[in-house]
Structure formats: structure tokens, C-alpha cells
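# Architecture at a glance
Here's the letter readout for the chains.
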Amino acid sequence: MFDIRDVSKSFVLHNQGSAVIPVMAEASLQVAKGECVALTGESGAGKSTLMRMLYGNYLASAGSIRVGETELVGAQPREVLALRREVLGYVSQFLRVVPRVPTRDVVADPLLALGHDPQETRARAEEMLARLRIPERLWALSPTTFSGGEQQRVNIARGFVHSYPALLLDEPTASLDPVNRETVLCLIEEAKARGAAIVGIFHDAEARARVADREIDVTGFTPERAA
Ligand SMILES: Nc1ncnc2c1ncn2[C@@H]1O[C@H](COP(=O)(O)OP(=O)(O)OP(=O)(O)O)[C@@H](O)[C@H]1O
């Protein structure tokens, strides 16, 4: 589902004399349907950079990144948007939402964008919010004022509301209490069982050991060592 071949990435710092910072060289990784791969490596090794390239936020300098049928390197913006709508979900650590949109609509949005029936969508969004223990009195409010853990759970509800065939998870259990953490680990296991391919960053070692089938240390992709 994810097929990454010989990917390199350099940042050009235009405001610092156009300094070129190579951060990744010849990264290759394949992730099959139903498999979860955890990216590991010390801080600064390039985990977030790789995740951002997989989501099409950063452009790879060279190589190929295929997610399902889509080649992300050189893709048109509309292809990237279609991929994100239909195939590739992303649960980031922080919730970014349009202010004043009710939580229920924030969670329903991925299904509405796919043209699902609004009533069914609303029911599904509410089911996810209930499962993640967001109190019902909050569903009509914007999540902008929610606590860190509440915002993270809204983010997770939104990321799992559609059965994406491919998922990127950035610290999905970071600010959660044990009960909600368990719910999220179950959601990840269910996604794998239905065939989703997952790439994640999990600093929570126990969570990683439970859901990840393989660990890939991205330090192996840093330019010095890969050379
Ligand atoms: N936008 C950017 N411009 C310039 N350099 C960047 C940029 N983003 C990341 N880097 C550099 O790329 C390297 C990898 O960073 P990255 O954030 O991917 O590491 P990480 O493994 O996710 O670290 P952490 O665990 O601390 O989040 C770092 O040296 C960082 O300074």
C-alpha cells in the first residue's frame, strides 16, 4: 500500500544563504495492507520529515513514493487532495480546525467530503465521539477550546471515521489517559484487521510493541550512514 523507493530529501534554507541541508538519502520502505510499521530513531533523525513526505506536505527531492495507485512525487495538487479524501488518513498530534465549526461536523467532514448520506454520517460521527468519550454536551461546540487530550481524541475520531485504506499516525496516544489510550489501540487494531496499512510514530513503547508489526529506524536513511 505504501511503496517508498530511494527517496531523498534536502531542505534549502532560503533565508540563510540558501544553505542545503540533506536530511534523508535513499530511503526505501514498503508497507502491506493490514500491516503497521513504526518509525523510530532519535530526535532529529527524520521521522516527521518522512511522514510529511508520505502525506504530500513535503516534496521529496528524488525517488518515488506510491500510496495505493498514486505516485506522490510530482503529483498534481488535485491528485494529492483526492488521495487524502479517499485513501490516506492522517492523525496528527495537534488538531487544526476552522474556528466555530462544531465538533460533530469536524468529525463528520471526511465522510461528507466523500458524498455519504448526511444523516448516516452524523450518526457515525456521534458513534466515534461517544466511543472516544467526548461528552455529548461538547458535540455542538467548536473543539478549539477543548483540553489537549479532548482535542487529540477529536482528531482521532476524525481520522478513523472513514475506513481509510492507508493511515499515518503521529503519536496517537501521546496525551491520553489509560482508558482512552486503550480505545485508540483497539481502533488501530481494528483498522489493521480490516486491511489498513499504517505508518506511525509512537514514543509510547508499549503501544508501539502492541500495534506495530515492524520497526524501521529512520537513522538508517540519514545521508551520512546511507552513503
Ligand atoms: N522545514 C524544515 N527546514 C529545514 N530543516 C528541517 C525542516 N524540517 C525538518 N528539518 C530538519 O530535518 C531533520 C529531521 O527532522 P524531523 O523533524 O523529521 O525529525 P524527527 O525524527 O521527527 O524528530 P523528533 O522526534 O524530535 O520529532 C532535523 O535535522 C531538522 O532540523
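Just so you know, these numbers come straight off a predicted model, no measurement behind them.

Around the ligand, a shell composed of Phe11, Ile21, Val23, Gly41, Ser43, Gly44, Ala45, Gly46, Lys47, Ser48 and Thr49 is seen. Of all the elements in the fold, those that place two or more residues in the shell around the ligand are strand S2 (19-31) and helix H1 (47-54). When residues of the shell around the ligand are assigned to their parent elements, the largest contribution, three residues, is made by H1. Residues belonging to the shell around the ligand are distributed by class as follows: four nonpolar, six polar and one charged.

Now for the pairing of S2. Side chains on a regular strand alternate between the two faces of the sheet. Bridge analysis of strand S1 (residues 2-13) against S2 gives nine bridges, and the strand direction is antiparallel. Bridging across to S2, Ser10 finds its partner in Pro22. Counted between consecutive antiparallel strands, the loop separating S1 from S2 contains five residues, among which Gly17 sits at a positive phi close to 65°.

Moving on, we come to the nonpolar core. Side chains that are nonpolar tend, in soluble globular proteins, to be buried together. In terms of nonpolar packing, the biggest core is built from 61 residues, with Phe2, Leu54, Val67, Val107, Ala157, Ala166 and Ile198 touching the most fellow members. When we break this core down by domain, the ones giving at least three residues each are domain 1 (2-87 + 164-226) and domain 2 (99-153).

Taking 1.5 Å of rise per residue, 14 residues should cover 20 Å, and helix H4 (residues 118-131) covers 20 Å from first to last C-alpha, within 8% of that figure. Residues of H4 that are buried make contact with helix H3 (103-113) and helix H5 (148-160). Where H4 ends, the next residue or the one after it, Arg133, has phi of about 60°, a positive value.

So, on to the domain arrangement of the chain. In terms of domain boundaries, the chain breaks down into domain 1 (2-87 + 164-226) and domain 2 (99-153). Taken together, the eight residues of domain 1 in the interface contact nine residues of domain 2. Residues of the side of domain 1 that touches domain 2, tallied by class, amount to two nonpolar, three polar and three charged.

Each value, and the rule that gives it
Residues numbered from 1 in each chain as written. Predicted model: local features only at pLDDT ≥ 70, side-chain atom pairs only at ≥ 80, totals over all residues. Near = placed C-beta within 6 Å. Helix = DSSP H or I, 4+ residues; strand = E, 2+ residues; numbered from the N terminus. Nonpolar A, V, L, I, M, F, W, Y, C, P; charged D, E, K, R; others polar. Pairing = 2+ DSSP bridges. Core = buried A, V, L, I, M, F, W, Y, C linked by C-beta atoms within 7 Å. Buried ≥ 20, exposed ≤ 12 C-beta atoms within 10 Å, placed from the backbone. Domains from an automatic or database assignment. Expected span 1.5 Å × (residues − 1). Contact = placed C-beta atoms within 7 Å.

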